[in-house]
Amino acid sequence: MSDPCSFSSFTRCLTKHLNLLLRVDFDTHVIRGKVELTVEALEDRFSVLTLDTRDLSILSVSVNQQPARFALGAKHSFKGTPLDITLPTHLSRGQHVVVEVTYETSPSASALQWLTPEQTAGKEQPYLFSQCQAHHCRSMIPCQDSPSIKHTYYAQVSVPKDLVAVMSAVRDGQVVDPQDSSRIIYRFRQPVPIPSYLIAIVVGALESRQIGPRSRVWSEKEFVDKAAFEFSETETMLKTAEDLAGPYVWGQYDILVLPPSFPYGGMENPCLTFATPTLLAGDKSLSNVIAHEISHSWTGNLVTNKTWEHFWLNEGHTVYLESMIGRSMHGEPFRQFKAMGGWKDLQDSVNTFGASNRLTNLVPDLQDVDPDDAFSSVPYEKGFALLYHLEELMGGPEVFMGFVKSYIQLFAYSSVTTEDWKNYLFTYFKDKVEVLAQVDWNAWMFTPGMPPVKPQYDTTLADACIALSQKWLKAKDQDLCSFTQSDMKTLSSHQVIEFLSLLLQEDPLPLTHVKKMQEVYNLNTCTNSEIRFRWLKLCVRSKWEEAVPLALKMATEQGRMKFTRPLFREVFHFQKYRDESLRVFAAHRAAMHPVTSGLVAKDLKVDSSSATGL
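In this text the structure is predicted, and so the values were computed from the model without any measurement.

Caption draft 1: Examining the side chain of His317 more closely. Among the structural elements, His317 can be located in helix α4 (residues 311-330). On the basis of relative accessibility, which here comes to 0%, the residue His317 falls in the buried class. For His317, the contacting residues outside a window of four places in its chain are Thr299, Trp312, Leu387, Val404, Tyr407 and Trp421.

Caption draft 2: Highlighting the packing of helix α5 (residues 332-353) against helix α13 (residues 493-504). Here α5 crosses α13 at 30°, and the two axes come no closer than 11 Å. Put simply, α5 runs roughly parallel to α13. For the element pair α5 and α13, the recorded crossing hand is left-handed. Across the interface between the two elements, Phe334, Phe337, Lys338, Met340, Gly341 and Lys344 of α5 pack against His494, Gln495, Glu498, Ser501 and Leu502 of α13.

Caption draft 3: Inspection of helix α8 (residues 397-411) at higher detail. The end-to-end C-alpha separation of α8 is 21 Å, in line with the 21 Å expected for 15 residues at 1.5 Å each. What α8 keeps buried is the set Pro397, Phe400, Met401, Phe403, Val404, Ser406, Tyr407, Ile408 and Phe411.

Caption draft 4: Representation of the sheet that holds strand β16 (residues 206-212) within the structure. Within the open sheet, the five strands sit side by side as β16-β17-β18-β20-β19. Their pairing is mixed. Since the sheet does not close on itself, it has two edges, and those belong to β16 and β19 (266-267), each with one partner. In the sheet, β16 pairs with strand β17 (residues 215-220) via six bridges, with the strands oriented antiparallel. Residue pairing for β17: Ser208 is matched across the bridge by Trp218. Of the strands in this sheet, β16, β17 and β18 (254-257) touch helix α1 (residues 221-230), which is tilted by about 145° from β17.

Caption draft 5: Main features of the sheet that holds strand β3 (residues 46-53). Read from one edge of the open sheet, three strands run β3-β7-β6, paired in antiparallel fashion. If you trace the sheet from one side to the other, it starts and ends with β3 and β6 (69-72), each paired once. Neighbour to neighbour, the strand axes of the sheet diverge by 20° on average, direction disregarded. Of the strand pairs in this sheet, β6 and strand β7 (residues 81-91) are connected by four bridges, and their pairing is antiparallel.

Rules used in this analysis
- Residues numbered from 1 in each chain as written.
- Predicted model: local features only at pLDDT ≥ 70, side-chain atom pairs only at ≥ 80, totals over all residues.
- Heavy atoms only, no water.
- Helix = DSSP H or I, 4+ residues; strand = E, 2+ residues; numbered from the N terminus.
- Buried < 20%, exposed > 50% of the residue type's maximum accessible area, 1.4 Å probe, protein only.
- Contact = heavy atoms within 4.5 Å.
- Axes fitted to C-alpha atoms, helices over the stretch in contact; angles between N-to-C directions.
- Parallel < 35°, antiparallel > 145°, perpendicular 65-115°, else oblique.
- Left-handed = near helix turned anticlockwise from the far one by under 90°.
- Expected span 1.5 Å × (residues − 1).
- Pairing = 2+ DSSP bridges.

In C-alpha cells:
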C-alpha cells in the first residue's frame, strides 16, 4: 500500500522526530528553516531517503553531521517535488539516522498566508498563519508528508520582538535571539506523535486569556475578550468528550481565533485549535465547531486516516463524537435535528459534484487527484450517516459509542484504513455478525451519490421549520400578507438555518416572496454567518439584484470556503452578474488564502495560470 499523495514511502522508512529551527521573515515572506529528521529504516540496505517538498529552496543536506548528496526530482502539479537524499552508508532495518536539511520556503508557499497589517484587526503588525492539511506541510518543511507517518517535534521559532509565535504544541518558554536582539525565539514541544499535516504555526500581535484550567484563547487584542466570553463552555465540552471517548492526552487545549481569510471553520491543530472569526458574530454554531474540533483530539489526531482516501475515518467519527457531545449537553432531540441538517449538507455536496462523481464515494480513489479538490461534506456527513445507521442496527447510541471508544483505544497513536476499522467493527460486534453482513458495504463505501439508506431522524425540532418553509413555498402573492414578524419569534438560530436550508432545496422562490420575507423578518441585518450565508444564497437564486453586492461582500470580507465558494458560484450562475462575480474575484484574489483563491478560480472557470496576474 502507498499514499497516492506523497513521494515518500512509509513501508521503507519512518520519521520518528522533527527538530525545527525556523526564522520568520516578514520582509521577504519566507521562513528560513533547518530541520533535523530522526528517521528509522524499515528494510535492510536502506540507502536513499525521499522527502516531500513543494516550492522549497534546498540549501544543504547532512546525514549524521556529514554532508550528503541530494537531488530534486521533477515537479508534479500538486504533489510538489521529491527530494532524494543519498545516505553515506546503507542502514539495516531498525537503525536510526539524523538527516538535517537547511532550506527556505517560497513567498507563495501553499501552507502559509502572509497578511499585511491592513489585513489584520489591529492594522499595525503583519501576521502569518499556516494551514497544512491535507498536503501542504511540504511547502513549509521538507518531510514525509503523509498521514500514515507520525512523529513528535520540537521547534524554536525566531520572530520580531513585537510579535508572538504559537504552534500546535506545548509552549516551552522564550529567549532573546542570541543572533539578533530585536527578535525573540519561542520554543515548543509536541511529545505526542502526530502526522505532518497537524504541524501549525501562527505569528502575530497575539494576546491570550485564560478560559479554563487547561485552556487559553489567543487572538489579536481587538477580539480576545469577546472570544474569551464566546468560548467559555470549552472545559465543559472537554470533560463531556473525555467521559465519552477516554482521557484527553494532549495536555493543553487552547483556541486561536484567526483573521477573516482563514479558509475553514476550524482546524484541529493539537493543543491549539484554529477557529474562524465568523464564529464571533453571535453565532450559535460556535459550540458545534468547537465540539467538532475538540472531538478531533481523539478521532483524527489520536487515530488518524492512513491516506486521504480514508478521510471519512477522521471526519465521520468526529461528526459522530460531536453529535454525542451535543446529546450529552442538549439532549437527543437536538442530536437528531443536527443530523437532519447534516443530511442536507450531504445532499448539497452530491448535487454540486454530480451524483455519479466518484469523489462522492465514501472511500474515493485519489490516484492523480488533488486532495483539496476532493474536500467536501461527503466524508463528514456520509461517514456520519453510516455510523448512525450502524448505531441503529447495533442497539443504540450507548452500545455504539462503546465500540467507538474501544476503536479509539485500540488504534490510538496509529494511522488506519477503512479495512482496519471494518475488521475491528466485526470483531467487536462478533455476536451480531449476521446483521453486519446484511449491510450493503459496497454501496456505502465505493458507490457515488447519496447513501443506500436514509436514516429516519426524529423531526420534533424540525417540524416548525418544515411547516414555515411549506407555508412560503405554497403561498400565492395574495397570501403574503399572512406572514408576520412573529413567525420567527419562537425559532432558535439552528431552526432558522434549517428553515432556509429547506427553502434552498426547492425551486427558487418568486422574487415577490423573497422581498416580503425581508420586509417581515429583516434578515439582511442578521449577523449570524450561517443564517446570513443561506439567506443571501436564497436571494441571489431568486434573482434579487439588491442582494448581489451583499453576497459578494460576504464572499470577500471573510474567507471561509464553506461560505465564499458557494456565494461566488451563486452570483456566477446569475447570468446578468457573471462578469461582476469575475471582476470582484479578480479585485480580491491577491488578499485571499492561496487554497481558497485556487478553488474559487476553478469554480468560476478562471484559468489559474492566466489569472495569477489579476
